[in-house]
Structure formats: structure tokens, C-alpha cells
Protein chains: 2
Amino acid sequence: MRILFDHYLGVAEQRRLMEAFERRRAAVIESPTVVALRSVVNGGAGSVEEAAQRLRRRFRKMVLVGIGGSALSARLLSEAFERQRSLSVLDNVDPEWVSAQLKGLGRSFCLCVVTKSGRTAETAALTSLLLPRLRRLHGSDYQKAVVVVTGSESGPLREWAQKEGITCFGIPPDIPGRYSVFTPVGLLPAAFCGVGVSGLLEGARRLFEKLNGSAEDDPAWVAALGDYAHWRKRPICVLFVYSGMLARLRDWFVQLWAESLGKRQRLNGTLSPTGQTPLGALGVTDQHSLLQLFAEGPDDKTYTLVVKEGATKALKVPENAGGPSQWRYLEGKRLSDLFYAELFGTEATLIREKRPLLKIVLEGGMEEELGALLAFFMMRTAYVASLIEVNAFNQPGVEYGKRLSRAMLVGEELEAPVRWCRQIRV
Amino acid sequence: MRILFDHYLGVAEQRRLMEAFERRRAAVIESPTVVALRSVVNGGAGSVEEAAQRLRRRFRKMVLVGIGGSALSARLLSEAFERQRSLSVLDNVDPEWVSAQLKGLGRSFCLCVVTKSGRTAETAALTSLLLPRLRRLHGSDYQKAVVVVTGSESGPLREWAQKEGITCFGIPPDIPGRYSVFTPVGLLPAAFCGVGVSGLLEGARRLFEKLNGSAEDDPAWVAALGDYAHWRKRPICVLFVYSGMLARLRDWFVQLWAESLGKRQRLNGTLSPTGQTPLGALGVTDQHSLLQLFAEGPDDKTYTLVVKEGATKALKVPENAGGPSQWRYLEGKRLSDLFYAELFGTEATLIREKRPLLKIVLEGGMEEELGALLAFFMMRTAYVASLIEVNAFNQPGVEYGKRLSRAMLVGEELEAPVRWCRQIRV
């Protein structure tokens with residue numbers, strides 16, 4: 001993995017920030033979450049790989065029930081590589097959508113239930129829909145078609161799984177859902193699909209080794225200082241992914257950045273809302289959608305480009321394809337030539353407009369590169385949180401809505417009914 | 001369709017803005033693009049439906065080659081309803097992704113090529129890949145498996161189609177790609193998939209009738225005045241879709257808003273960048289991803305919620321599902337109860353935080369409702385453009401990059417090579 005910086009952060013400014021915040025970096029590296037992340041990465045994926053193997057022998061598909069951080073990394077990993085088994089993710093309770101997903105599941109699927117608390121309402125409801133179906137299919141043997149990933153110490157789901165004799169994997173308490181890609185949350189479904197999960201961990205280890213070295217060589221720290229330098233003027237952070245296979249990286253990043261950094265309370269207890277809004281873009285598709293705004297709109301964004309090097313050269317525009325003669329200049333060109341030329345057009349446009357731009361090139365074995373990339377983003381996020389003085393690892397802002405949802409669901413009186421001022425019918 | 005306003009726009013402010021900008025509204029309604037839109041909607045979809053019928057009789061799948069506005073509406077419409085035929089969209093030239101899409105196309109597919117200019121490089125390259133394959137499958141009869149949608153007056157693709165005897169539909173010159181959902185660009189693939197396209201047009205007509213009436217009853221105008229009132233303080237515009245089937249509405253809206261409003265040049269010729277960044281969210285999924293930022297982060301966003309009323313009540317959490325006892329409060333509840341309770345939690349959270357919020361409820365037959373909704377968004381966008389004094393219908397910001405891409409592709413010397421200041425390897 002190469003991380004390229006344009007004028008994202010000037011040399012003098014970098015030196016100044018590095019000196020001012022030296023101790024913050026050390027504190028993040030020693031924080032319980034980062035220590036726990038390094039520990040799961042060093043722990044390997046042996047038991048997860050074994051369980052995945054066992055399931056692969058019997059089932060053609062895994063249905064993952066989970067939402068937010070419990071689903072996003074599995075979806076990303078399973079779609080980033082050629083799959084030997086498929087994964088269906090149930091991460092919404094829209095009944096119409098769920099109906100469509102349930103149709104055509106067939107008989108050969110296993111169920112992976114992921115919720116750290118063991119209480120997530122959406123996950124509980126969807127799992128309850130599927131359990132009777134599994135019992136009808138497999139009778140009293142149904143436990144072999146289920147696997148649970150939940151908090152590693154206690155919780156209702158863990159207790160239930162133990163009682164039922166269902167294989168259960170743990171999520172360490174210090175690792176919140178959106179940082180859980182290297183725990184069984186991400187690794188178990190990925191291994192089921194045939195992803196080389198030890199490669200992912202190896203890549204993450206390579207990135208985490210940078211934490212032992214000098215601040216100048218820690219790419220997440222250099223990037224985070226740049227993010228901090230742009231923070232006040234630029235409320236939007238664009239992740240522009242140039243690889244169709246990594247399209248889901250956007251969703252994973254959006255949750256990580258939004259939920260970690262969008263906070264009202266500062267570490268010293270004062271209240272002052274902060275946060276930067278993450279926006280995902282996909283190249284080359286969004287050159288026909290968002291690039292106009294990026295090039296000519298307000299200078300209120302930072303940009304991170306992610307590019308895979310060495311795309312397959314197998315696809316070539318044939319000679320004499322028989323289309324309009326005006327298309328002939330493309331004949332004999334590789335699709336990858338066109339792809340990288342388009343990427344170059346985007347880079348050149350953003351650089352001409354002097355947009356703060358950082359580029360990450362994935363170049364080696366993809367499992368390792370992706371592992372390093374995910375670790376980079378997690379460290380970058382944790383570093384930025386410490387620089388803007390918020391807790392990167394909680395999410396208190398959604399509790400109020402959750403309480404009201406539950407009250408409505410069980411028929412309690414609502415403290416705050418929603419009223420609208422005005423209505424127009426069409 | 002009901003459009004509900006909270007304090008998105010106060011009564012006094014609305015009156016003031018309506019008086020100040022009365023003439024702008026009239027100018028938009030009489031603009032060539034809006035006149036052309038109303039004309040295609042009134043023209044019906046007869047010939048498109050016939051062509052789609054003919055293709056449906058012979059082919060199980062349609063492969064749409066197009067990018068940006070040429071693809072987004074077809075994808076949205078084909079996924080919003082139960083499909084009788086399927087649609088594959090090729091809207092990226094990432095060779096790895098294209099390879100994966102081409103695998104498993106089988107033999108029973110027809111090709112729909114969409115590009116208004118007839119010159120879009122990505123579309124030309126991908127079509128050139130597929131034409132030889134169709135000739136191998138169908139010999140000299142291959143034209144019956146191809147349909148073209150392109151500029152209605154001239155252009156290389158139109159001329160080629162006429163020469164080859166390929167069915168060709170036109171896009172009126174005044175309708176840019178991102179406003180083309182009611183032309184054959186959106187309707188032909190939708191009709192192929194089994195969507196009732198006359199219902200879509202009927203819904204759009206209902207919305208366009210509001211343009212003949214008073215300003216207070218024109219929902220797009222009321223919404224646009226609200227958008228304008230928030231414009232300076234709020235650089236981000238969130239579209240929060242509460243329907244899994246409408247997930248692609250986000251992509252369609254993102255292009256419409258970003259490309260129409262993100263402009264440097266004002267109508268009077270002065271240069272001053274403007275634009276609001278569109279951000280898509282999906283309920284309930286993104287309650288576990290973006291809502292934390294929306295609730296506790298900076299008050300720099302406006303919110304439009306889109307909700308489908310009357311979701312199916314068929315799915316119920318069974319009694320005695322056999323999960324953890326702590327999940328029992330969900331037993332006997334419908335999935336739709338949980339879904340709408342979660343939606344309520346989001347609304348209540350945003351209203352408690354006094355976020356500018358507008359809600360659109362789709363309530364009747366879905367084709368008509370969706371038609372009205374898309375027309376609403378297009379008019380709202382055109383109105384906002386006139387208020388902030390930019391051209392809603394061009395996209396000059398992407399020309400520079402396109403020129404460089406092409407130069408790189410054909411091996412010309414580049415005027416502006418991209419150079420990076422610094423690199424860190426991992």
C-alpha cells in the first residue's frame with residue numbers, strides 16, 4: 001500500500017502539529033480500543049477459519065442477520081473478492097425488502113447472527129423470523145446451521161447460544177461494532193465466502209507496526225493531522241473509491257467516520273457539536289454524477305482516493321466491433337487503459353482546483369492490502385477524534401430515538417409526539 | 001403523495017420569498033427543459049411499451065450500457081417494483097467489475113445502449129465489447145437484440161442505428177441526462193422489467209398540474225424556497241429514504257442535485273462557486289450509521305425523508321420463535337410495526353434537535369406515487385437553481401478531466417501531469 005499526499009498538509013504545518021500533539025498520538029496508541037485491535041489482529045483467525053470450513057462443507061449460502069457495524073464489514077469483504085460461497089445480509093426491517101430477500105433463500109443456508117449487545121431489536125426480530133424455518137428444515141439438529149457472534153462476556157444471545165449448544169464467537173468489550181472488522185464479525189462471514197482472512201490480518205499487522213515507529217512514518221497520523229488542519233473550513237470528507245469490487249468500502253467508511261466523529265460532547269465535558277460528513281463516491285461512475293460539484297462547487301471538502309493498481313488487462317475493445325466509426329479511436333485499447341485514463345482525469349481536475357487530496361494505492365496481494373487499508377482508516381479516525389477532542393468509540397446520539405421506538409412498539413405513551421406544520425397533497 | 005413541512009420555512013418568510021421571486025417561478029415553468037418534460041409526460045409511452053413487449057417475448061434479461069443519467073433512473077425504476085424480467089446495468093469500466101458482470105449473462109439477453117451524445121467513451125467501449133458477442137449468438141439477425149436510446153436529432157449512434165436497422169428512441173435536445181427518467185432512457189428498461197410506465201407518467205402529470213395553480217400549492221416551489229432559506233448556513237442536503245425498494249433513489253437524487261446545483265458560473269456571468277452536497281441515507285439501516293452525526297453533529301444539513309405508507313403486514317415475529325427470552329417483547333409484532341417505530345425514532349430525534357425537515361409520504365399506487373416524486377425532485381432542483389442563479393441543465397466542470405482522459409488514452413502529450421509531494425509505504 002502506498003499513501004500519496006499532495007498539499008494535504010504542508011511541511012512546516014506538519015512539523016508544528018506533530019510537536020503540539022505528540023502526546024495525543026501516544027495516548028491513542030495506548031487506548032484500550034487500539035490495544036484490543038492489535039491483540040485480535042495478532043491472535044490470528046484459527047478458530048474462525050475452522051468454523052467457516054465446517055459450515056462451508058454443508059451450506060452454499062450464509063444469511064447474516066445484523067445491522068450497522070455488525071453487517072458492513074462482512075458485506076465489504078465478501079464482495080471485494082471472487083466468492084466461493086455467497087452471503088445474504090439482512091440489515092433492514094423494511095418488510096417489503098425483507099420479503100424479497102427471504103424468497104429464494106432455498107434450503108442450503110446457514111444463519112449467522114451478529115449483535116454485540118445481544119439485544120438489537122432489528123436483529124432480534126429478523127432472527128426470530130428465521131429460527132422456525134431452520135427448525136423445520138433441520139429439526140432438532142438446527143443448531144449446526146446457526147452461528148452467533150456477540151459480546152464476549154455476557155448478554156442474552158450468548159447465554160441462549162450456550163444453552164442451545166450453538167457455536168458462539170465473542171467481540172471484545174473494548175471494540176465497538178464499527179471497529180470490529182478484524183474480529184469474528186468480519187472474519188467469520190468472510191472466511192465462509194472464501195476470503196483469505198489470514199492475509200487480511202497480516203496486512204493489518206503491517207499497518208499497526210507503523211505505530212511503533214516514528215510519527216513521520218505513521219501514515220494514519222500524517223493523514224489525521226491533515227484532516228485536522230482542514231477541519232474547520234471543510235465540513236465534508238469525500239472517499240472516492242476507484243474499484244467496483246470495493247464499492248462497499250464507502251458504506252463501511254461512512255459509518256466509521258460519521259459515528260466516531262459526529263459528537264456533541266467533548267472529552268473535557270463541554271458541549272459543542274462537531275463532526276465532518278463523510279460522502280462516498282465511486283469511480284468512474286460518479287465522474288458522471290458528483291465530479292461536477294467537486295470541481296466547480298464550494299471548496300468545502302477533503303478528498304481521499306482509493307485506487308487498485310494493476311487491474312486485469314484481459315478485456316480489450318475489439319477491432320472491427322462494428323459500432324459507429326466515431327468510436328474507432330477506442331479499438332484495441334484495454335478497458336484498463338480507459339479506466340486509468342478516467343481516474344487521471346479526476347485527479348487532474350481536483351488538483352487543478354487545488355482541492356485537498358490524498359491518494360491510497362493498493363498494489364500487492366489484495367487481502368493484505370485491504371487489511372492494511374481498513375486498519376489505516378480505523379487509526380486515522382481514532383487519531384482525528386483525539387485531535388478534535390471527542391470520544392471515537394461511543395454513539396450516544398441515537399439513544400433518544402431508540403427509546404421512543406421501543407415505547408411506540410410496546411404501546412407506551414409517547415413523551416414527544418411528532419407534529420407537522422403544513423401539508424400539500426399531490 | 002403528501003408532502004409535510006415542519007419549520008422548514010416559516011409562514012412570514014415564505015410570503016416574503018414568494019413575493020420576491022414570483023417571476024422566477026414563472027420563468028422556470030416556461031423554460032425549454034420544463035416545457036419539454038411536460039411534453040414527454042403528456043406524450044405517453046405507447047411506442048416504448050410496444051418495443052419493450054417485443055423484447056420481453058424473446059429475452060429474459062436486458063443489459064443496459066450507459067453511465068450517469070443514462071443509467072440511474074432505469075436502475076431505480078427496475079428495482080422499485082417486483083420484476084418480471086431482470087436488468088443488468090453496465091455503468092463502470094473497472095475491468096474487474098465488468099468481467100464479473102459479463103460472466104453469467106447467458107444467451108438470452110438484449111442490449112440497450114443509452115448515450116445522449118452518442119460519444120460517451122465508457123458506453124462506446126462497453127458496447128463494442130458486447131456487439132461481437134451478440135453477432136456470434138444471433139448472426140446477421142443481431143439487430144433484433146439491440147435497442148438504442150440517443151439524441152433525437154443526430155449523432156453517431158443514431159446514424160449507425162439507422163444504417164444497421166436497429167430500433168432507436170430519441171432523447172429531446174432540451175432534456176439533459178439527469179432529467180431524462182420520463183423519456184425512453186428511463187421508460188424503456190422499466191417497461192421491459194414489467195413496470196407500469198403509464199402509471200409513472202400519470203403521477204408526473206399530477207405533479208406538473210400543480211405548476212398551473214397557485215404558488216402556495218406548488219410543493220416543489222414551497223420546498224425550494226425552504227432550501228433557499230437554509231442555503232447559506234447548511235452546505236449538506238440529506239435524502240433519507242425509508243424503503244429498501246427505493247434505495248436507488250439516493251443515487252438518482254445525488255446526481256440530480258450535485259450536477260444541477262454545483263456550479264461556479266452564475267446566470268449573470270460572474271464566477272462564485274455554489275452548490276449543496278447531497279447525501280443519501282437509507283432507513284432503518286443508517287440509523288445505525290449516520291444518525292449519530294445527524295443528531296449530535298453540526299447543524300449544517302437539511303433533511304428530506306421519503307416514506308412509503310402501508311408496508312406489507314404479512315411478516316410477523318412468530319410466538320415461541322425460540323430465541324433469547326429477552327426478545328419476547330417483539331413476539332406477535334409485525335415487522336412493519338418495528339419499521340415504522342424506528343422511523344418515528346428518527347423523526348423525533350431530528351425534530352428534537354430542530355433540524356430543518358421535510359417529509360414525503362407515498363401512499364397510493366406506487367407507480368403513480370413514484371412518478372410524482374421524481375417530477376417533484378426535478379422541479380425542486382430547477383427552482384433552487386433559479387433562486388441561486390445557476391444553470392440547472394449544464395455540467396461544464398467535467399470537461400477538463402474528459403479532455404485529459406482522452407489525451408492520455410490516445411497517447412497525446414499531457415498538458416498537466418499529476419505530481420505528488422510525498423509518499424508513505426505500508
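Thresholds, definitions, all that
- Residues numbered from 1 in each chain as written.
- Chains lettered and ligands numbered in written order.
- Predicted model: local features only at pLDDT ≥ 70, side-chain atom pairs only at ≥ 80, totals over all residues.
- Heavy atoms only, no water.
- Pairing = 2+ DSSP bridges.
- Helix = DSSP H or I, 4+ residues; strand = E, 2+ residues; numbered from the N terminus.
- Axes fitted to C-alpha atoms, helices over the stretch in contact; angles between N-to-C directions.
- Phe/Tyr/Trp six-rings, centres within 6.5 Å; stacked < 30°, edge-to-face > 60°.
- Lys NZ or Arg CZ within 6 Å of the ring centre and 35° of its normal.
- Contact = heavy atoms within 4.5 Å.
- Buried area = accessible area lost by both parts, 1.4 Å probe.
- Salt bridge = Lys/Arg side-chain N within 4 Å of Asp/Glu carboxyl O.
- Buried < 20%, exposed > 50% of the residue type's maximum accessible area, 1.4 Å probe, protein only.

K.L.:
Whenever I open this one, the sheet that holds strand β3 (residues 86-90) of chain A confuses me. Can you help?
P.N.:
Residue and element names in this part refer to chain A. Taken together, 5 strands build an open sheet; the order of strands is β3-β2-β4-β5-β6 and the sheet is parallel. Two strands bound the open sheet, and with one partner strand each, they are β3 and β6 (167-171). Averaged over all neighbouring strand pairs, the angle between strand axes comes to 20 degrees, with direction disregarded. Bridge analysis of strand β5 (residues 146-151) against β6 gives 5 bridges, and the strand direction is parallel. When the sheet's bridge partners are listed, Val148 is paired in β6 with Cys168.

K.L.:
I tried to follow the packing of aromatic side chains on my own but got confused; where do I start?
P.N.:
A ring pair, where both rings are aromatic, is described by two values, the distance of the centres and the angle of the planes. Per the stated rule, a full pass over the model turns up 24 aromatic pairs over all chains. Between Phe253(B) and Phe377(B), the ring centres sit 5.2 Å apart and the planes meet at 55 degrees, which makes this aromatic pair tilted. Highlighted residues: Phe253(B) in helix α12 (residues 249-261) and Phe377(B) in helix α15 (residues 366-388), separated in sequence by 124 residues. Among the aromatic side chains, those forming a connected cluster through ring pairs are Phe240(A), Tyr242(A), Phe294(A), Tyr303(A), Phe339(A) and Tyr340(A). Positioned above the aromatic ring of Tyr142(A), the side-chain terminus of Arg135(A) is 4.6 Å from the ring centre. Sitting over the ring of Tyr400(A), Arg352(B) keeps its end group 3.8 Å from the ring centre.

K.L.:
Can you help me understand the interface of chain B and chain A in this one?
P.N.:
A common way to report how large an interface is uses the accessible area buried once the components associate. Across the boundary between the two partners, chain B contributes 143 residues, which contact 143 residues of chain A. Surface buried jointly by chain B and chain A totals about 12800 Å² across both partners, of which 65% is contributed by carbon and sulfur atoms. A per-residue breakdown of the area chain B buries against chain A is headed by Trp327(B), Trp420(B) and Val426(B), which together make up 7% of the total. For the pair chain B and chain A, the interface holds 9 salt bridges.

K.L.:
Where do I start with the pattern of salt bridges in this structure?
P.N.:
Where side chains of opposite charge bring their charged atoms close, a pairing between them can arise. On inspection of all chains with the given rule, the structure shows 49 salt bridges over all chains. Glu389(A) serves as the salt-bridge partner of Arg24(A), at 3.4 Å between the closest nitrogen and oxygen. Linking Arg24(A) in helix α2 (residues 22-29) with Glu389(A) in the loop between α15 (366-387) and α16 (399-409), this pair joins segments that are 365 residues apart in sequence. One salt bridge connects Glu13(B) with Arg16(B), and the closest N-O pair in it is separated by 3.4 Å. Here the residue Glu13(B) and the residue Arg16(B) both occupy positions in helix α1 (residues 11-20), the gap between them amounting to 3 residues, near one helical turn. Exposure remark for Glu13(B): the relative accessible area of 30% places this residue in the partly exposed category. A relative accessible area of 48% means that Arg16(B) is categorised as partly exposed. Each of Arg2(A), Glu309(A), Glu363(A) and Arg425(B) takes part in a single network of salt bridges with overlapping partners.

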